[in-house]
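Per-entry structural report
Letter by letter, the chains look like this.
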Amino acid sequence: DNKPDPLIVTSSGKVIALSSTGETLWENDLKQSVSNTPGLFYGGNKLCILVVTDKGDVLILSGTNGELLNKHSLNSKIKVSPIIGDFDGNSMVNIYVATRKKKGYVLDTGMRIEEDITEFWSGFQRDYTHSGLIAYHDFPESTIASSDDWDPPDEDPEIEIQPKPKPKPKPKPKPSSTVNKEYNNLIIKGKTLLESGEFDNAIAAFLKAKKLKNTKEAAALLKKAREQKAQSEVLPDF
């Protein structure tokens, strides 16, 4: 009907083509998560939809009915949108995909670019990146960008890199001689408090000693102090 039709790709992997009036033309559930922007291109005189899934499947669907035309699995997670173009100049549609493993792949779709494609797809290969992002072929002349309308990127763009924050230094462990001294002082203090009937203070001293050095001695003294405290709290029978 010579009207642009919207295409929707959900994060859950549903590809939905709508008419200009909002009616569903077709739907294809890929059953895979998708985080990347889909691409459109003409190959072999067919309108094709390029979808790259998060797990690394490169899928080419028919723009007419959503049918799967081709599939290539990279077996690596992908979180960046693909680039469409003719990178080797052989008049075949190529797809560039970068993975999370810092590897880039140029895939040959095997779909030939028709010689007269620019007559109805005037955006194809007319910018400095040789991209093929304009697939609808009946835009008014004023809406089509030519290569003169694009500003090429700076050769050496200035990028401000923030320094990584320095990690907080971990507290240095106390020397073993210091730990042994503190432990012995707490044991002596706890025994003195226990003999004088100050059970709560004795228990606190033994707990600190046990925290410093988890020894059988500290555990036994702590148990003894708690038992004596419990016995002192029992009321006599009248």
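Structure shown above.
A brief look at the structure comes next.

Scoring rules and cut-offs
Residues numbered from 1 in each chain as written. Predicted model: local features only at pLDDT ≥ 70, side-chain atom pairs only at ≥ 80, totals over all residues. Heavy atoms only, no water. Pairing = 2+ DSSP bridges. Helix = DSSP H or I, 4+ residues; strand = E, 2+ residues; numbered from the N terminus. Axes fitted to C-alpha atoms, helices over the stretch in contact; angles between N-to-C directions. Phe/Tyr/Trp six-rings, centres within 6.5 Å; stacked < 30°, edge-to-face > 60°. Lys NZ or Arg CZ within 6 Å of the ring centre and 35° of its normal. Parallel < 35°, antiparallel > 145°, perpendicular 65-115°, else oblique. Left-handed = near helix turned anticlockwise from the far one by under 90°. Contact = heavy atoms within 4.5 Å. Core = buried A, V, L, I, M, F, W, Y, C linked by side-chain atoms within 4.5 Å. Buried < 20%, exposed > 50% of the residue type's maximum accessible area, 1.4 Å probe, protein only. Patch = residues over 30% accessible without salt bridge, like charges linked within 9 Å, V, L, I, M, F, W, Y side chains within 5 Å. Areas by Shrake-Rupley, 256 points an atom, 1.4 Å probe, with all protein chains shown as cover. Salt bridge = Lys/Arg side-chain N within 4 Å of Asp/Glu carboxyl O.

1. Considerations on the sheet that holds strand 8 (residues 83–85)
- Sheet architecture is open: 3 strands sit in the order 8-9-10, paired in antiparallel fashion. Looking at strand neighbours, the two that pair on one side only are strand 8 and strand 10 (104–112), the edges of this open sheet. With strand direction ignored, the average angle separating the axes of adjacent strands in the sheet is 20 degrees.
- As paired strands, strand 9 (residues 92–98) and strand 10 are joined by 6 bridges and run antiparallel to one another. Bridge pairing links M92 to R112 in strand 10.

2. Quick look at the packing of aromatic side chains
- A complete count under the given rule lists 0 aromatic pairs for this structure.
- Positioned over the ring face of Y183 is K213, at 5.1 Å from the centre of the ring.

3. Quick word on the packing of helix 2 (residues 176–195) against helix 3 (residues 199–212)
- One way to put it is that helix 2 packs onto helix 3 with a least axis distance of 8 Å and a crossing angle of 160 degrees. With respect to their mutual orientation, helix 2 and helix 3 come out roughly antiparallel. Considering how the two elements wind past one another, helix 2 and helix 3 form a crossing that is left-handed. Contact with helix 2, carried on its side by V179, E182, Y183, L186, I187, G190, K191, L193 and L194, involves F199, N201, A202, A205, F206, K208, A209 and L212 of helix 3 and no other residues of that element.

4. Section: the nonpolar core
- Among the nonpolar cores identified, the biggest contains 15 residues, and F41, L50, V52, V58, I60, I95 and V97 are the most heavily contacted of them.
- If you list the elements that add at least two residues to this core, you get strand 5 (46–52), strand 6 (57–62), strand 9 and strand 10.
- In terms of nonpolar packing, the next biggest core, distinct from the first, is built from 14 residues, L193, L194, F199 and I203 among them.

5. Details of the side chain of N94
- Assignment of secondary structure puts N94 in strand 9.
- With residues up to four places along the chain from it excluded, the contact list for N94 reads I83, I84, G85, D86, F87, D88, V106, L107 and D108.

6. A few points about a nonpolar patch on the surface
- Together, I83, F87, Y96 and V106 make up a nonpolar patch on the protein surface, roughly 350 Å² of accessible area in all.
- Residue position: Y96 is located in strand 9.
- What makes Y96 partly exposed here is its relative accessible area of 32%.

7. A few points about the sheet that holds strand 5
- Ordered by their spatial adjacency, 4 strands build an open sheet running 4-5-6-7, and the pairing between neighbours is antiparallel. Bordering the open sheet on either side are strand 4 (39–43) and strand 7 (68–73), each of which pairs with just one other strand. Ignoring strand direction, the axes of neighbouring strands in this sheet form an average angle of 25 degrees.
- Judged from the 5 bridges that link them, strand 4 and strand 5 form a sheet pairing that is antiparallel. By the bridge assignment for strand 5, G43 is matched with K46.

8. Description of the pattern of salt bridges
- Applying the stated rule across the entire model yields 4 salt bridges.
- For D29, the salt bridge goes to K31, with nearest N and O atoms at 3.7 Å.
- Overall, D29 belongs to the partly exposed group, its relative accessible area being 34%.
- As a salt-bridge pair, K55 and D57 come within 4.0 Å of each other at their nearest N and O atoms.
- You can call D57 buried: its relative accessible area is 3%.
- Sharing partners across several salt bridges, the network here consists of K55, D57 and K71.

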